[in-house]
Amino acid sequence: MRMRPINPGSGKSRNLTVAGLLAWAAASATIAPVATAHADEAKPFRLCADPTNLPFSSDNPSQPGFYVEIGQALAQALGRPITYDWYKSYFGKRTVRVTLLGKQCDAMIGLPRSEDFMGPAVIFSGTIAKEGYALVAAKGQAIGGVDDLRGKRVAVQYASTPQNLLATRDDIRKVTVLSPEEAMQALDQGKADVAFIWGPVAGWLNMTVYNDRYQIQITEGEGLSWDAAIGFARASTELRDRVDAILPTLQGTIADLAVKYGLPTGQPVRLGAAQAVPAGTTTGAGPGPTQVANVVATETKGDASVPSAETVSAGKEIFNGTCAHCHGPDAIQSERKIDLRLLRHRYGDDMRDTFRKTVHEGRPAKGMPAWKEVYTDDQFDSIYAFLLTVQVESND
């Protein structure tokens with residue numbers, strides 16, 4: 001129905017107009033907060049994810065991955081659309097700093113649920129899955145512990161926890177590989193009897209490439225398994241609490257997704273601890289006074305000044321977040337070729353120059369990327385300062 005215009009020449013009409021405007025303004029003031037609340041609900045749930053990391057995540061909508069589908073289920077339960085911040089997870093803690101702590105996204109799924117992992121800057125949801133290494137073998141083989149691997153050829157990934165665990169066992173032949181994919185190939189080609197590799201990838205490959213022909217037994221033990229959770233920036237306690245309230249309702253969905261992406265389940269095989277930490281070496285809480293003092297005794301030419309404890313601590317954090325997956329936590333590594341505690345032993349006065357050239361340019365043929373566009377010279381110096389504190393003459 002067409003509204004009849006008010007006659008501006010009428011005093012009564014002018015009064016009605018003023019009254020109407022005042023009423024409209026009052027009503028608008030009442031309605032505005034409600035609209036804002038709906039706008040908040042419509043904000044997207046921004047998920048940090050790796051675009052090429054199946055079975056966990058992918059930017060392919062037809063095969064998004066275990067973590068991404070959990071994120072999609074959470075966004076639906078929150079009543080919010082989902083968006084993605086794609087960033088390679090290869091860079092470890094740097095990935096978390098750039099994306100989650102850089103406010104590029106709201107949540108990152110699959111972080112280890114531990115206060116030692118970037119706490120208190122990162123806070124965590126409840127556990128969504130238990131993940132770790134697994135023993136892969138032909139079906140029917142009984143493997144209840146390390147002793148059951150005696151006399152067998154075991155494929156282990158270069159510089160991994162399983163390699164360190166088996167390093168002292170001369171009765172187990174280690175077949176060193178560079179990736180879980182290569183380990184599964186060695187198993188399939190008869191070059192190995194067992195593969196001791198990252199369980200979720202083993203399960204995914206067994207399902208998608210090898211037609212489920214292998215049995216996969218998950219393991220537990222120091223450095224072999226941990227709880228996976230959803231990480232949030234420290235200030236996001238309200239969102240974390242809302243997600244925690246939703247997670248129990250998604251248990252069935254998460255279990256179905258684990259099956260969909262081949263994540264191994266079952267009773268874990270309990271294995272012993274990996275190589276013991278040498279006496280006098282600190283782990284997890286930054287360098288001890290002895291480490292910093294040892295720099296004086298292990299100087300090379302050009303290292304005249306003793307770095308501060310803060311510099312060594314910063315270098316250690318970067319190292320453990322980026323380099324430890326190959327060179328071992330705190331640079332403790334049983335594989336001599338990549339044991340960075342032997343840098344001085346190998347290079348002597350050329351230690352600093354060799355270090356800087358290697359970290360700047362990388363060694364692509366050996367699987368080490370160039371880091372010159374990732375870290376600053378000051379950060380490289382802090383890593384080097386940390387490595388000075390752990391140098392030994394021999395690890396025999």
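Rules behind the numbers
Residues numbered from 1 in each chain as written. Predicted model: local features only at pLDDT ≥ 70, side-chain atom pairs only at ≥ 80, totals over all residues. Heavy atoms only, no water. Helix = DSSP H or I, 4+ residues; strand = E, 2+ residues; numbered from the N terminus. Contact = heavy atoms within 4.5 Å. Areas by Shrake-Rupley, 256 points an atom, 1.4 Å probe, with all protein chains shown as cover. Disulfide = S-S within 2.5 Å. Buried < 20%, exposed > 50% of the residue type's maximum accessible area, 1.4 Å probe, protein only. Phe/Tyr/Trp six-rings, centres within 6.5 Å; stacked < 30°, edge-to-face > 60°. Patch = residues over 30% accessible without salt bridge, like charges linked within 9 Å, V, L, I, M, F, W, Y side chains within 5 Å. Salt bridge = Lys/Arg side-chain N within 4 Å of Asp/Glu carboxyl O. Lys, Arg positive; Asp, Glu negative; His and termini not counted. Charge placed at Lys NZ, Arg CZ, Asp CG, Glu CD. Pairing = 2+ DSSP bridges. Right-handed = clockwise from strand over helix to strand, strands pointing away. Core = buried A, V, L, I, M, F, W, Y, C linked by side-chain atoms within 4.5 Å. Expected span 1.5 Å × (residues − 1).

A.B. asks: Is there a simple way to explain the overall build of the protein chain in this structure?
C.D. replies: Helix and strand counts for the protein chain come out as 14 helices and 13 strands. Sequence-distant contacts in the protein chain: of pairs separated by 6 or more residues, those separated by 24 or more amount to 68%. Accessible surface for the protein chain amounts to roughly 20,600 Å². Of this, 54% is attributable to carbon and sulfur atoms.

A.B. asks: Please clarify how the state of the cysteines should be interpreted in this entry.
C.D. replies: By definition, a disulfide is the covalent link that joins the sulfur atoms of two cysteine residues. Counted under the stated rule, the structure contains 1 disulfide. Disulfide pairing places Cys48 opposite Cys105 at an S-S distance of 1.6 Å. One quick way to see it: the torsion about the S-S bond of Cys48 and Cys105 is about 50°, and its sign makes the bridge right-handed. With a gap of 57 residues between them, Cys48 in strand β1 (residues 45-49) and Cys105 in the loop between α3 (93-98) and β5 (107-112) connect regions that are remote in the sequence. Exposure remark for Cys105: the relative accessible area of 4% places this residue in the buried category. Take Cys323: it sits in no disulfide, and the sulfur closest to it among the cysteines is that of Cys326, at 8.8 Å. A relative accessible area of 17% means that Cys323 is categorised as buried.

A.B. asks: What exactly am I supposed to notice about the packing of aromatic side chains here?
C.D. replies: In this description, a pair of aromatic rings is defined by centroid distance and the angle of the planes. Within the structure shown, the criterion is met by 11 aromatic pairs. Judged by centre distance (5.8 Å) and plane angle (40°), the rings of Phe66 and Tyr67 are tilted. Summarising the burial analysis for this pair, Phe66 and Tyr67 share the class buried. The interplanar angle of 80° and the centroid separation of 6.3 Å between the aromatic rings of Tyr375 and Phe380 together place this pair among those described as edge-to-face. Ring pairing ties together the aromatic residues Phe56, Phe66 and Tyr67, which thus form one cluster.

A.B. asks: Help me understand a positive patch on the surface in this model?
C.D. replies: Together, Lys337, Arg346, Lys357, Arg363 and Lys366 line one region of the surface with positive charge. For Lys357, the position within the fold is in helix α13 (residues 351-361).

A.B. asks: Any chance you could explain the pairing of strand β9 (residues 173-177) here in plain terms?
C.D. replies: As a general feature of sheets, a regular strand has side chains that alternate between the two faces. Sheet analysis places strand β8 (residues 153-157) next to β9, joined by 5 bridges and oriented parallel. Among the inter-strand pairings, Ala155 is bridged to a residue of β9, identified as Val175. Handedness of the crossover joining β8 and β9 through helix α4 (residues 161-166): right-handed.

A.B. asks: What is the right way to look at the nonpolar core in this model?
C.D. replies: Proteins that are soluble and globular tend to have nonpolar side chains buried together. By size, the foremost hydrophobic cluster in this structure holds 64 residues, and its most contacted members are Phe66, Leu74, Ile128, Val136, Leu166, Phe196 and Ile230. No other element matches helix α2 (residues 66-78), which puts 7 residues into this core. Of all hydrophobic cores here, the second largest spans 21 residues; its members include Val312, Trp371, Phe380 and Val390.

A.B. asks: Help me out: how do you make sense of the side chain of Ser382 in this one?
C.D. replies: In this structure, Ser382 sits in helix α14 (residues 377-388). Classification of Ser382 as buried rests on a relative accessible area of 6%. In this structure Ser382 touches Thr311, Ala314, Gly315 and Ile318, once residues within four positions along its chain are discounted.

A.B. asks: What is the right way to read α14 from this model?
C.D. replies: Given 3.6 residues to a turn, an α-helix orients residues that are three or four positions apart in the same direction. Here α14 is 12 residues long and its end C-alpha atoms lie 16 Å apart, about the 16 Å a rise of 1.5 Å per residue gives. Taken together, the buried positions of α14 are occupied by Phe380, Ser382, Ile383, Tyr384, Ala385, Phe386, Leu387 and Leu388.

A.B. asks: Is there a simple way to explain the pattern of salt bridges in this structure?
C.D. replies: When their charged atoms lie close together, side chains carrying opposite charge are able to pair. Tallied over the entire structure, the rule returns 16 salt bridges. Where Asp227 meets Lys130, a salt bridge forms, and the shortest distance between an N and an O atom there is 3.4 Å. Of this pair, Asp227 sits in strand β12 (residues 225-233) while Lys130 sits in strand β7 (residues 129-138), placing them 97 residues apart in sequence. In this structure, the salt-bridge partner of Asp188 is Arg213, at a minimum N-O distance of 2.5 Å. Of this pair, Asp188 sits in helix α5 (residues 180-188) while Arg213 sits in the loop between α6 (199-208) and β11 (214-220), and the two are 25 residues apart along the sequence. Put simply, Arg352, Arg356, Asp377 and Asp381 are held in one network by salt bridges that share partners.

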